[in-house]
Amino acid sequence: MYGMKGQSFMESLKRRIEKDGVVIGDSVIKVDSFLNHQMDIAFLKEVGAEFAKRFSDVKVDKILTIEASGIGIAAITAMYFHDVPVVFAKASNLSGDVYETKVYSFTKQKENIIRVDKKYISDGENVLIIDDFLACGSAALGLAEIVEMAGAKVVGIGAVIEKGFQGGHAKL
Ligand code: 5GP
């Protein structure tokens with residue numbers, strides 16, 4: 001898939017991060033002008049199309065993400081997967097019958113419990129995990145644990161920006 005001006009998606013993503021990303025300290029990038037606070041919908045459509053291309057060989061029944069930053073990305077991505085439902089894990093309290101696990105957020109330096117209502121992931125479903133960043137891998141691993149608790153299958157894990165120096169990829 002090719003983005004604007006005939007660039008490959010990776011090239012336009014790289015340029016966008018260089019242009020609009022703000023580096024905080026030595027390990028955090030703020031991309032909230034286009035990805036996770038204000039959202040550039042034309043860019044998110046490119047993201048969705050790129051994920052669809054990369055995961056074209058797997059059957060996807062549902063997309064799972066984590067609140068809040070993953071929600072917009074996952075929702076637009078779902079449009080490129082035949083409008084499959086999107087479920088987001090919640091960090092707030094959820095009553096009822098839930099799957100839950102702990103996720104350590106290194107940006108907030110604290111552990112959160114994330115929860116998904118058991119109604120929304122079912123045995124045998126093929127689940128694609130989508131998030132904005134892959135850093136140390138804790139969020140993606142937590143989401144994968146929830147999928148496994150439900151007896152469903154993780155068919156892929158996609159993050160818009162991978163910070164390879166933080167080792168998440170190796171853990172997954
Ligand atoms: P991980 O669990 O892989 O360590 O980190 C991924 C999660 O932390 C994502 O859900 C993402 O929202 C947040 N995150 C990690 N690194 C960054 C970063 O550099 N910038 C922003 N904005 N969020 C990040």
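The coordinates are above.
Okay, so let's go over this structure.

Rules behind the numbers
- Residues numbered from 1 in each chain as written.
- Predicted model: local features only at pLDDT ≥ 70, side-chain atom pairs only at ≥ 80, totals over all residues.
- Heavy atoms only, no water.
- Phe/Tyr/Trp six-rings, centres within 6.5 Å; stacked < 30°, edge-to-face > 60°.
- Helix = DSSP H or I, 4+ residues; strand = E, 2+ residues; numbered from the N terminus.
- Buried < 20%, exposed > 50% of the residue type's maximum accessible area, 1.4 Å probe, protein only.
- Pairing = 2+ DSSP bridges.
- Right-handed = clockwise from strand over helix to strand, strands pointing away.
- Core = buried A, V, L, I, M, F, W, Y, C linked by side-chain atoms within 4.5 Å.
- Axes fitted to C-alpha atoms, helices over the stretch in contact; angles between N-to-C directions.
- Parallel < 35°, antiparallel > 145°, perpendicular 65-115°, else oblique.
- Left-handed = near helix turned anticlockwise from the far one by under 90°.
- Contact = heavy atoms within 4.5 Å.
- Nonpolar A, V, L, I, M, F, W, Y, C, P; charged D, E, K, R; others polar.

**Quick look at the packing of aromatic side chains**
The geometry of an aromatic ring pair is captured by the separation of the ring centres together with the interplanar angle, meaning the angle of the planes.
Alright, step 1. Under the criterion given, the structure shown has three aromatic pairs.
Alright, step 2. Ring plane angle 20 degrees and centroid distance 6.2 Å describe the contact between Phe 9 and Phe 43, whose orientation is recorded as stacked. Residue Phe 9 is found in helix H1 (residues 9–20), and its partner Phe 43 is found in helix H2 (residues 41–54); the two are separated by 34 residues along the sequence.
Alright, step 3. Looking at Phe 9, the relative accessible area reads 4%, which means it is buried.
Alright, step 4. Residues Phe 51 and Phe 55 carry aromatic rings whose centres are separated by 6.3 Å and whose planes lie at 35 degrees to one another, so their mutual orientation is tilted.
Alright, step 5. Assessed through its relative accessible area of 6%, Phe 51 is described here as buried.
Alright, step 6. Take Phe 55: its relative accessible area is 13%, and that puts it in the buried class.
Alright, step 7. Taken together, the ring pairs in this structure connect Phe 9, Phe 34 and Phe 43 into an aromatic cluster.

**A short note on the pairing of strand S7 (residues 126–134)**
Alright, step 1. A large share of S7 lies buried, amounting to nine of its nine residues.
Alright, step 2. Bridge count between strand S3 (residues 62–66) and S7: three bridges; the pairing is parallel. Its bridge partner being in S7, Leu 64 is matched across the sheet by Ile 129.
Alright, step 3. Looking at chain direction, S7 and strand S8 (residues 153–162) are connected through eight bridges and run parallel. Within S8, the position partnered with Val 127 by the bridge is Val 154.
Alright, step 4. Regarding the hand of the β-α-β motif, the stretch spanning S7, helix H4 (residues 138–149) and S8 is right-handed.

**Re the nonpolar core**
Alright, step 1. Ranked by size, the top nonpolar core spans 25 residues in total, and within it Leu 35, Ile 63 and Phe 81 carry the most contacts.
Alright, step 2. At five residues, the largest contribution of residues to this core is made by H2.
Alright, step 3. Ranked by size, the runner-up nonpolar core spans 17 residues in total, among them Leu 64, Ile 114, Ile 129 and Ala 150.

**Describing the packing of H2 against helix H3 (residues 69–78)**
Alright, step 1. Two elements in contact, H2 and H3, have axes whose closest approach is 8 Å; the angle formed by their N-to-C orientations is 60 degrees. Overall, the two elements H2 and H3 adopt an arrangement that is oblique. For the pair H2 and H3, the crossing hand works out as right-handed. Note on element contacts: H3 touches H2 through Gly 72, Ile 73, Ile 76 and Thr 77, opposite Ile 41, Leu 44, Lys 45, Val 47, Gly 48 and Phe 51.
Alright, step 2. Here the contact of H2 with H3 is built from residues that sort into six nonpolar, three polar and one charged.

**Overview of the environment of Glu 18**
Alright, step 1. Looking at the secondary structure, you find Glu 18 in helix H1.
Alright, step 2. Once the C-alpha coordinates of Glu 18 and Gly 164 are considered, the two residues, 146 residues apart in sequence, prove to be 16 Å apart.

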